[in-house]
Amino acid sequence: MHPSATAHPPTPAPTPALVMMKLIKKLVLTIVCCLLLSAGTKPNEPTLKEAFAGKFLIGAAITISQVLGVDASAAEIVKKQFNAIVPENCMKSIYLQPKEGVFHFDEADKFVAFGEINNLWITGHCLIWHSQTPAWFFRDKNGNDVSREVLIERMRNHIKTVVSRYKGRIKGWDVVNEAITDDGSWRQSKFYKIIGEDFIPLAFQFAHEADPDAELYYNDYSTAIAAKCKSIVNLVKAIRGKNLRIDAVGMQGHLSMDFPAIADFERSLLAFSASGVKVMITELDLTVLPLPQHFAGADVSAKFDFKNKLNPYSNGLPKDIELKQQKRYVAFFKLFLKHQDKISRVTLWGVTDNNSWRNNWPISGRTDYALLFDRNFQPKPIVNKIIQLTKQSSASPPTMHGAQR
Ligand code: 9MR
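Okay, so let's go over this structure. In this numbering scheme, every chain counts its residues from 1 along its sequence in written order. Where totals are concerned, whole chains, interfaces and linings use all residues; where local detail is concerned, this predicted model gives features only for residues with pLDDT of at least 70, and gives and counts side-chain atom pairs only at 80 or more. The basis for every side-chain value is the complete set of non-hydrogen atoms in the structure, without hydrogens or water.

1. Considering the site of the ligand
Moving on, step 1. Neighbouring residues of the ligand: 15 residues in total, closest E88, K92, H125, E178 and E283.
Moving on, step 2. Q252 places a polar side-chain atom, nitrogen or oxygen, 3.2 Å from a nitrogen atom of the ligand.
Moving on, step 3. Method for areas: the Shrake-Rupley scheme with a 1.4 Å probe, in which residue coverage is limited to the protein chains shown. When isolated, the ligand has an accessible area of 460 Å², and the protein chains bury 84% of it.
Moving on, step 4. Going along the chain from the N terminus, every DSSP run of H or I of four or more residues is numbered as a helix, and every run of E of two or more is numbered as a strand. Elements with a minimum of two residues in the shell around the ligand: β3 (121-129) and β6 (248-255).
Moving on, step 5. Each residue belonging to the shell around the ligand can be placed in one class, and the counts come to four nonpolar, seven polar and four charged. A molecule or strand has a residue near it when one of that residue's heavy atoms lies within 4 Å. Any pair of N or O atoms that falls within 3.5 Å is considered a polar contact. Within protein, one atom must be able to donate a hydrogen and the other to accept it, and sequence-neighbouring residues count only if both atoms are side-chain atoms. In this count, Pro and Cys sit with the nonpolar residues alongside Ala, Val, Leu, Ile, Met, Phe, Trp and Tyr, while Asp, Glu, Lys and Arg are called charged and the others, Gly among them, polar.

2. A short note on the pairing of strand β4 (residues 172-177)
Moving on, step 1. Each residue's exposure class comes from its accessible area (1.4 Å probe, protein chains only) as a fraction of the maximum for that residue type: buried when under 20%, exposed when over 50%, partly exposed otherwise. Of all six residues making up β4, six are buried, and the element is well covered by its neighbours.
Moving on, step 2. Handedness of a crossover is defined as follows: orient the strands so they point away from the viewer, and if the path from the first strand over the helix to the second runs clockwise, the crossover is right-handed. After leaving β3, the chain enters helix α7 (residues 148-165) and then returns to the sheet as β4, a path that is right-handed.
Moving on, step 3. Paired strands, as defined in this entry, are two strands with at least two bridges between them according to DSSP. Summarising the sheet, β4 and strand β5 (residues 215-220) pair through five bridges and their orientation is parallel. Among the inter-strand pairings, N177 is bridged to a residue of β5, identified as N219.

3. As for the pairing of strand β2 (residues 84-87)
Moving on, step 1. Side chains A84 and V86 project from β2 onto one buried face, and the interleaved I85 and P87 project onto a second face that is buried too.
Moving on, step 2. Summarising the sheet, strand β1 (residues 57-62) and β2 pair through four bridges and their orientation is parallel. Across the sheet, residue A61 finds its bridge partner in β2, namely V86.
Moving on, step 3. Sheet analysis places β2 next to β3, joined by two bridges and oriented parallel. Its bridge partner lying in β3, A84 is registered against W121.

On their own, these measurements won't tell you what the molecule is for.
Given below as C-alpha cells:
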C-alpha cells in the first residue's frame, strides 16, 4: 500500500473567506469584552441590577443630557447597571410650570420615554417642595401672598395635571419633599405658612386622585436625626389616619464621612418601617470633602465661599481616603441588605462623579468623589465590593411591614 493512502491529506491553505471569518470572530469577541468592561463590571460578574435582583430596586437620578444621549457614556451605565430612574431636576415645578397654566413637558416626556424604552422603574420627583417652586405659585397679581384657598387650588391643578399626564407610566411619586426641619419642627415654607400642615395630606390626596395606582412617598434628608425621624413618623401616621395612601418614606442618603452614625440611620429605618410603610434609600451619595464646621444634610439654600483648603482632592483622591470611603459605603450597603425586607429601592443621586451635585454644594467648583462611577465612566472598586456583598447577604426575618418588591 502506498504510504500516503493512510496518512491525512495535507491541510488546504486557508481561503480568503476563512481568514475573513476568523477576523470577524475575533473582532466580535473583542467588542463584546470591551462593552462588558466599559459598562462597569468584569465579564463574569453580575451588574448591580443583577446582583440586587429579588432584594430591592437599584436606581440612579439622571440628567436631561443623559436622556438626550449628550452624556451618552453615563446613559450606557444607567441602562446596563440600574433598573430604576428618577429625574434629578426636570420634573420640579419651576421647570414644569414656570408660569401659571403654562406647562413645559418636553423634557419630562423624554425622561419618561427613556425609562420605558429601557424597562426602568420610573419615579417622579417632586410634586411639592419649598425649593424650585416658581414665585408666582404663592403670589397674587399685586405681589402679595395668595389666600389659602387659592394656593390649595394651585397645588391641586399642578399635581393633577402632572400626575395624570403620566398615569400608569410613572410608578411612584415623591409627593412632598423636605417639609420638616432637622429639629423636627415644620419647615416654615410658603406652603406651610399659607395652608398650614394640611398641605401635606392634601398633596397626597390630589396625587392619589390623579393616579390611584401610583405609589406615593414622603422624601427628606438627615432622617437619621432622632427629632426629625419622630416628626416624620407622626406625619406618616397622620396621613394613614386620614385613610390616605402613602407607600414609603424616602430616606435621602446624602452621607458624609462622619454623618450620620450608622446606628442612628438604622434606628430611623426601623422606625419608618414600623409606622407601616416601606423605606427607600433615595438620593444616595457619599462626599469625601471637608464640610464647613457643623454642617451636614442637604439644605439647598446653604452656600459657602469657595476655599482652597476645602477642595483638597482636585488632582486625585489619595488611596487612604478612597479606602475609608469604600469602608463606609460597604457598611451602609450591608445595612441595606440586612433590612432588604423593609427596603423597596436604593437610588444613587447621580451616575458619575463629574455630574454630581456634590461638586457644587455647599461650595461650588470643588472636585468630589461621591458616586459609584468615576470621571472616566468606569466603575470604582467599590462597585465590585458591593456586588460581592449581595452574594453573602440574607435578610433579617420578614416583618409585618415587609417591603419585598
Ligand atoms: O441635584 C440637584 C441639583 O442639580 C439642583 O441644583 C438642586 C436644586 O435645588 O437640587 C438637587 O437635588 C436635590 C433634590 O431635588 C432634593 N434633595 C436634595 C437634592 C440635593 O440638593
